[in-house]
Amino acid sequence: MSLASETIASLRAKLTRKEITPVDIITDLEAAIIKQNPALHAYLSRDFDSAKRAAESADITLPLGGIPIGFKDNINVRGEPCTCGSKILAENYTATYDATVTTKLRNAGAIPFGRLNCDEFAMGSSTENSAFGPSRNPWDHARVPGGSSGGSASAVAGDIAIATLGSDTGGSIRQPAAFCGLVGLKPTYGTVSRYGLVAFASSLDQIGPMTKTVEDAAILLNHLAGKDTHDSTSLSQGSAGVSPVSDFTANLGKDIKNLRIGLPKEYFAEGIHPQIRDRVQQAVKQLESLGANIEEISLPHTGLGIATYYILAPAEASANLARFDGVRYGHRAIGTNDVLEHYFASRGEGFGPEVKRRILLGTYVLSSGYYDAYYIKAQKARTLIRDDFSAAFMKVDVILSPTSPVPPFRIGEHRDDPLAMYLADAFTVTLNLAGLPGISVPCGFIEEEGKALPVGLQLIGKPHDESTLLRTAHAYEQATEWHKQHPR
Amino acid sequence: MPRYITTIGLEVHAQLNTRSKMFCPCAVEYGAEPNTRTCPVCLGLPGALPVLNLAAIEKTILTGLMLDCRTPDISKWDRKNYFYPDMPKNYQLTQFDQPLCIGGGVPLYELSYPKDAQKTIKNPGKVVKLTRIHLEEDVGKSTHTGAGTLLDFNRAGTPLMEIVSDPDLETAEEAFAYLNSLRQILIYGGVSEADMEKGQMRCDVNISVRPEEQKELGAKIELKNLNSVSAVRRAIHHEVARQTECLERGEKLVQSTRRWDDDRGETQLMRTKEDAHDYRYFPDPDLLPIHTSPILERMRVHKPELPHEKCARFVQDYAVSAYDANVLASEKPLANWFEQAVAADTKVPAKKIANWVINELLGHLNASNATLADSKVTPQALNQLVADVELGKISNNQAKEVFEEMFATGETPVTIIKQKGFEQVSDSGAIEKLCDEVIAANPAKVAEFKAGNDKVLNWMTGQIMKSSSGKANPKVVGDVLRGKLG
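Scope of this entry: the structure provided in the associated data block.

What about the overall build of chain A?
And then number 1: When you go through chain A residue by residue, the secondary structure sums to 15 helices and eleven strands.
And then number 2: At 21 Å, chain A has a C-alpha radius of gyration in line with the 23 Å of a compact globule built from 488 residues.
And then number 3: Expressed as lengths along the three principal axes of its C-alpha atoms, the size of chain A is roughly 70 × 55 × 50 Å.
And then number 4: Across the 488 residues in chain A, those meeting the buried criterion constitute 63%.
And then number 5: Sequence-distant contacts in chain A: of pairs separated by 6 or more residues, those separated by 24 or more amount to 77%.
And then number 6: Just so you have it, chain A exposes about 16,900 Å², and 53% of that area is on carbon and sulfur atoms.
And then number 7: Between the averaged position of the 47 positive side-chain charges in chain A and that of its 53 negative side-chain charges there is a distance of 2 Å.

A short note on the sheet that holds strand β4 (residues 91–94) of chain B
Strands in a sheet are paired, the pairing made by backbone hydrogen bonds, and the direction either parallel or antiparallel.
Residue and element names in this part refer to chain B.
And then number 1: The three strands lie next to each other as β4-β3-β15, forming an open sheet whose pairing is antiparallel. The open sheet has two edge strands with one neighbour each: β4 and β15 (282–283).
And then number 2: As defined by bridge partners, strand β3 (residues 78–81) adjoins β15 across two bridges and the pair is classed as antiparallel. What sits directly across from Asp78, in β15, is Pro283.

Some points on helix α11 (residues 353–366) of chain A
Every α-helix carries 3.6 residues per turn, so stepping three or four residues along brings you back to the same face.
All names here are of chain A.
And then number 1: Across its 14 residues, α11 extends 20 Å between first and last C-alpha, which sits within 8% of the 20 Å expected from 1.5 Å per residue.
And then number 2: Where α11 is concerned, the buried positions are Glu354, Val355, Arg358, Ile359, Gly362, Val365 and Leu366. The buried residues of α11 occupy an angular sector of 135° when the element is viewed end-on, so they sit on one face. Away from its buried face by more than 90 degrees, α11 exposes Pro353 and Leu360.

Looking at the interface of chain B and chain A
Where interface size is quoted, it is often the accessible area lost as the parts come together.
And then number 1: With 31 residues of chain B at the interface, the matching set in chain A holds 38 residues.
And then number 2: When chain B packs against chain A, close to 2,700 Å² is buried across both sides, 59% of that on carbon and sulfur atoms.
And then number 3: Linking chain B with chain A are one salt bridge.
And then number 4: B:Asp286 is paired through a salt bridge with A:Arg194; the nearest N and O atoms lie 3.0 Å apart.
And then number 5: Every element with two or more residues in the side of chain B that touches chain A is listed here: β3 and β15 of chain B.
And then number 6: When the residues that make up the side of chain B that touches chain A are grouped by side-chain class, the tally is 22 nonpolar, four polar and five charged.

Regarding the packing of helix α8 (residues 274–289) of chain A against helix α15 (residues 466–479) of chain A
Residue and element names in this part refer to chain A.
And then number 1: Contact pair α8 / α15: the axes reach a minimum separation of 10 Å and the direction vectors enclose 100°. Judged on the interaxial angle alone, α15 and α8 are roughly perpendicular. Touching Ala283, Gln286 and Leu287 of α8 are Thr472, Tyr476 and Ala479, all from α15.
And then number 2: Across the contact of α8 with α15, the residue classes break down as four nonpolar, two polar and no charged.

Description of the side chain of A:Lys186
All names here are of chain A.
And then number 1: Tracing the backbone shows Lys186 in strand β5 (residues 183–186).
And then number 2: The buried charged residue Lys186 lacks any salt bridge partner; its closest oppositely charged side chain belongs to Asp168, at an N-O distance of 6.0 Å.
And then number 3: A polar contact is formed between the side chain of Lys186 and the backbone oxygen of Leu436, at a distance of 3.0 Å.
And then number 4: In this view, Lys186 contacts Asp168, Arg174, Gln206, Leu431, Asn432, Gly435, Leu436, Pro437 and Gly438; residues no more than four positions away in its chain are not counted.

With respect to the sheet that holds strand β8 (residues 293–297) of chain A
Residue and element names in this part refer to chain A.
And then number 1: The mixed open sheet is built from eleven strands, whose spatial order is β1-β3-β2-β4-β6-β5-β10-β11-β9-β7-β8. Edge positions in the sheet fall to β1 (43–45) and β8, since each of these pairs with one other strand and no more. Between one strand axis and the next, the sheet turns through 35° on average, direction left out of account.
And then number 2: The sheet strands contacting helix α2 (residues 22–40) are β1, β2 (68–72) and β3 (111–116), and the helix crosses β3 at an angle near 5°.

Describing the packing of helix α9 (residues 305–320) of chain A against helix α14 (residues 426–434) of chain A
Residues and elements named next belong to chain A.
And then number 1: Viewed as axis vectors pointing N to C, α9 and α14 meet at an angle of 60°, and their least axial separation amounts to 9 Å. Here α9 is positioned oblique relative to α14, judged by the angle of their axes. You can see that α9 and α14 cross each other, and the crossing is left-handed. When α9 is examined against α14, the residues Gly305, Ile306, Thr308, Tyr309 and Leu312 are found in contact with a partner set consisting of Ala426, Val429, Thr430 and Leu433.
And then number 2: Among the residues forming the contact of α9 with α14, the class breakdown is six nonpolar, three polar and no charged.

Focus: the nonpolar core
And then number 1: Formed by 214 residues in total, the largest nonpolar core has its most connected members in A:Ile69, A:Phe121, A:Phe389, A:Leu400, A:Leu470, B:Tyr178 and B:Val205.
And then number 2: Residues in contact with A:Leu400, not counting those within four places in the same chain, are A:Ile261, A:Gly262, A:Leu263, A:Pro264, A:Phe268, A:Val280, A:Val284, A:Leu287, A:Leu457, A:Gln458 and A:Leu459.
And then number 3: Counting 42 residues, the second-largest nonpolar core is a separate cluster that includes B:Ala329, B:Val348, B:Ile353 and B:Ala387.

Considerations on the environment of A:Ile111
Residues and elements named next belong to chain A.
And then number 1: When you line up the elements, Ile111 lands in strand β3.
And then number 2: When the C-alpha atoms of Ile111 and Thr308 are compared, they prove to be 38 Å apart, with 197 residues separating the residues in sequence.
And then number 3: Dropping the residues within four chain positions of it, Ile111 is found in contact with Ala51, Ala54, Ala55, Ala58, Gly66, Ile67, Pro68 and Ile69.

The rules behind these values
- Residues numbered from 1 in each chain as written.
- Chains lettered and ligands numbered in written order.
- Predicted model: local features only at pLDDT ≥ 70, side-chain atom pairs only at ≥ 80, totals over all residues.
- Heavy atoms only, no water.
- Helix = DSSP H or I, 4+ residues; strand = E, 2+ residues; numbered from the N terminus.
- Rg over C-alpha atoms; globule rule 2.2 N^0.38 Å.
- Buried < 20%, exposed > 50% of the residue type's maximum accessible area, 1.4 Å probe, protein only.
- Contact = heavy atoms within 4.5 Å.
- Areas by Shrake-Rupley, 256 points an atom, 1.4 Å probe, with all protein chains shown as cover.
- Lys, Arg positive; Asp, Glu negative; His and termini not counted.
- Charge placed at Lys NZ, Arg CZ, Asp CG, Glu CD.
- Pairing = 2+ DSSP bridges.
- Expected span 1.5 Å × (residues − 1).
- Arc of directions from axis to C-beta.
- Buried area = accessible area lost by both parts, 1.4 Å probe.
- Salt bridge = Lys/Arg side-chain N within 4 Å of Asp/Glu carboxyl O.
- Nonpolar A, V, L, I, M, F, W, Y, C, P; charged D, E, K, R; others polar.
- Axes fitted to C-alpha atoms, helices over the stretch in contact; angles between N-to-C directions.
- Parallel < 35°, antiparallel > 145°, perpendicular 65-115°, else oblique.
- Polar contact = N/O pair within 3.5 Å; in protein donor to acceptor, adjacent residues only side chain to side chain.
- Left-handed = near helix turned anticlockwise from the far one by under 90°.
- Core = buried A, V, L, I, M, F, W, Y, C linked by side-chain atoms within 4.5 Å.

Pasting the structure below:
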């Protein structure tokens, strides 16, 4: 079996026992990529030679020594491209610095390997907004892998990556993890430094791991989390309100007896695919049988989530993406006569339609005369959503919902209906708005057009309580066989 | 002809003299090779994030303390959105509705007015009210050439304080005084070098003219490209005249921005309100709000004695005139120098030392285009010199000669007086001998004196000074002569 199908934990065990070398992993990975990537289109680029050199000198005594990690193409790795799935950064931009997560992973011995496709500037739920074309769902190549971190998900699920990093602004880690049958963790806002992650919506963005198992997610989180002096919004473990966790794997394997799990009735209302509802309900029974206490709760402002998100995220994005003007780097239109023309042409040619739509939306809601009605009101709604969760977490330890109300859709299915795609984010965006941690774990399959499609279960934790989240997800995972399945 | 009222408000940008930039560790350095003081943050590279430089907050809060502002407990950052090639992120980090300082004022002193206007100050003792002071990041520098525009991002991200006054000024002279006074205070606090020529202090003027009988303010006209304090004065004079003429002709003034052309001495229209930007301010999500209380408490200790406070103390403690106190307090190093000179020997009258500092030291510095830092004369040496004059050891004119030498060489007065043989003879024995000689040689003059001609005494003193080659103390000579002849 190719080493590419293995987990971080199993490869580390083999490396430590000297059964394999880091070069073996990179070699197997490269072979798998060459074979599978043309169909999956998960990687946009990769540098095999430099990864091999890194593998040759890898220090396997380090905790992640010799483990290749794939990067969503919106996280800076010095000397590599960072296209963000956009034409505007496809030319004339090579990262001049390492993101903090890159540095941290390097320090732990990991090898950054490969740039993974995503929706342009992380705006989308399918990778169809990538300027380089969509990635494919390994379970059904006619379907999307989800997004925006779809390339990161497709690669892990397709066994052409060991584990990858994604970024999650409204569900961009969890939804593709659900669509591809993986584990995807979005940490509490502030847990992982955003320095070097190309910003979409700064108050919502978080980097997180996309892995084959809960254990791998916990291992990676150990090396991603922590206060960073380059990111003012990052928090240190043990600072105000943050419980100090030195090892996120420590509680894995502990039971979940008497754990209180809340089912928000608003998340089980109409609009959920019936088979998804069924799989999630079975998961609830499983958790109950593991000793958890299940109770129904209410998050009354859930309905405001999508509208709130699609005001705040584009507002921030409209400013964040202003720097892509072709003056210092990036796509530069030819033959313009003055600076205004240069801006219009460079940005007009460089950005795709969804990015333009969101910049326009964001510019509009921040405009004088509309600011109070949209931006300020959305901030108030955000507070209500956050308060809902705070109240619920007085009663329960973990909240459970489907990750996505719909299964992976066919490529092109929502091409002309962006709103339908926005609405499918209803269960994930609220966590970003509230800054809460969430994890998606596989909870079964449904049958569509003769193909088995994965279903994801979302667990939501209290702020900074990734530990409980991981313990719960792990207990469920270990009681089931879903994570052991691979697409054919 | 109706009378017109002018209303002026000033927006001053002052570069803080922090060592590093506002949101990254790059050095703030004037005149460095272009684009060598940059990093991913101040170049606005994808993924870079700002991190606050605490020193910039401290200096702004200190400025607020000096100008009697109020600092709210919480202050926050906002993004001001507009596109310009020298602004790397195409938004500027600034403070929109929760600035670091609110209210306060800038006192105008006599000396801060233009020299030719100091005798005709309309509102003596005026304190110009401030609206607010906030902090923001500076942009890069564009240089337009025939071949295109060159961009230097060394300046991008330098901390800038924006000090906004109320529309509380009435004349060009007040604006002039405001800028001088503000500059002086910023330098006193050590927060900014505030040199307008170097762009460390920049000023936009809002000005409106209205007929006296009109209650509401006239159209607000903003003036830009004012590169010196005197340019501000000239531009306001020009603009008041221009706006008044417009109104006289029955034209309606509209809100607009005009550019001052210093060579032509006139303003030109840049844009009217219709093309005004919508900056779409919103809170910056990358920076946390600032909790000011601990910083405010810390900075209280660092608040310096301000120029006007120093003046008052100089008048009180050293019995100098208000004008002289103003001169001495105009620059902190000068004030310190003066006080060191006084402290060197407190028996010497401070007022006398003040005269020497103002007339001789500053006179010589000005004449040789030097600054106090270049001066070879130490405060202790000046005290010594003045003491010698006071004790009658040397005459005033001799002292000036000695000072000349001190200024040129840095030698002590003792040495120079010796070299020049200026030691005055006050020993009455020696003087008596000289007096006796003169009396004996001029019986006719003695007779004249005895007949009531007092002037003869001066003539005889002169003779003795001559025969002592100027060393005799004229006062002692007078006393001795009077005793002998009386």
